[in-house]
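Breakdown of the fold
Letter by letter, the chains look like this.
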Amino acid sequence: TTPPAVLATLRAGNGASGVAINRAGTLALVANRFAGTVSVFTIAGKSVTAAGTVEVGTPESLLSGVVFTRDGRMALVTRNNDSLVSVLSIQGTRVENAKQDFAANLKPYGIDVSPAGDTAIVASIGVGATGGADTLSVIDLTATPPRTVNHLAVGPVAEDLSGVPGLRTIETYHDEPGYIAALAASVRERWLVEGEPEKLLMSFHGMPQRYFDDGD
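Each value, and the rule that gives it
- Residues numbered from 1 in each chain as written.
- Predicted model: local features only at pLDDT ≥ 70, side-chain atom pairs only at ≥ 80, totals over all residues.
- Heavy atoms only, no water.
- Buried < 20%, exposed > 50% of the residue type's maximum accessible area, 1.4 Å probe, protein only.
- Helix = DSSP H or I, 4+ residues; strand = E, 2+ residues; numbered from the N terminus.
- Pairing = 2+ DSSP bridges.
- Contact = heavy atoms within 4.5 Å.
- Axes fitted to C-alpha atoms, helices over the stretch in contact; angles between N-to-C directions.

**Brief notes about the pairing of strand β6 (residues 74-79)**
- Burial analysis of β6 places six of its six residues in the buried class, which makes it a mostly covered element.
- Side chains M74, L76 and T78 project from β6 onto one buried face, and the interleaved A75, V77 and R79 project onto a second face that is buried too.
- What sits between β6 and strand β7 (residues 84-91) in their antiparallel hairpin is a turn of four residues, with S83 showing a positive phi close to 55°.

Given below as structure tokens:
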């Protein structure tokens, strides 16, 4: 087999860090860590051409990871130092800052999108191995704009990730008939033991059996 060879060298911004290529293989983005920008490159076969720069944050933002959504119409960029994720809108080869920044967790770094394209995972490194909020954050990409919906604690310095599995999120089930019926049955059982009180004060926490069976 023919070994890989360097065909060309192109200049991005200061501190070129994360790199992403869309599924169509026609566009590449480079997060410039020390410039606060994302460089855009078009791809045609083996030819790669610089196509501009997008202002995302400041040099102090320390951009880190960048990823395309599955449909290629949006990209997410992690901002390590100010703990934000920026959204880029994409139309063909036109890339713009959508100005829809949102928070993930302390010092986000790596980022990837699930195969279904409905969620993204952000790896946050906290304050490093000495302690801090080292987490994986779940981003709902079906929301407009995208938003963080959950966090999972992991080991120190969760710097990068890949191969994000398919994920499902449950936002609400307060009106699920089975859930309401289970709450009512629980109250009646308690009343049989202790009698019916003058007033009832409840704190709800639980979920329908169907959600549990589906793998919550």
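**Section: the environment of T93**
- Looking at the element boundaries, T93 is found in the loop between β7 and β8 (94-97).
- Linking T93 and V40, residues 53 residues apart in sequence, is a C-alpha distance of 8.3 Å.
- With sequence-adjacent residues up to four places away left out, T93 is seen in contact with L27, V40 and T42.

**Brief notes about the sheet that holds strand β10 (residues 108-113)**
- Here four strands make up an open sheet; going across it, the order is β10-β11-β12-β13 and the pairing antiparallel. The two strands at the open ends of the sheet, each matched to only one other strand, are β10 and β13 (147-153). If you compare each strand with its neighbour and ignore which way they point, the axes differ by 25° on average.
- As judged from the five bridges shared by β10 and strand β11 (residues 119-124), these two strands associate in the antiparallel manner.

**Description of the sheet that holds strand β1 (residues 16-21)**
- The four strands are arranged β1-β2-β3-β4 in an open sheet whose pairing can be described as antiparallel. With partners counted over all chains shown, the strands left at the sheet margins are β1 and β4 (47-55), one partner each. Averaged over all adjacent pairs, the angle separating strand axes in this sheet is 25°, with direction ignored.
- Where strand β3 (residues 37-44) meets β4, seven bridges bridge the pair, whose relative direction is antiparallel. For V38, the partnering residue across the bridge sits in β4 and is V54.

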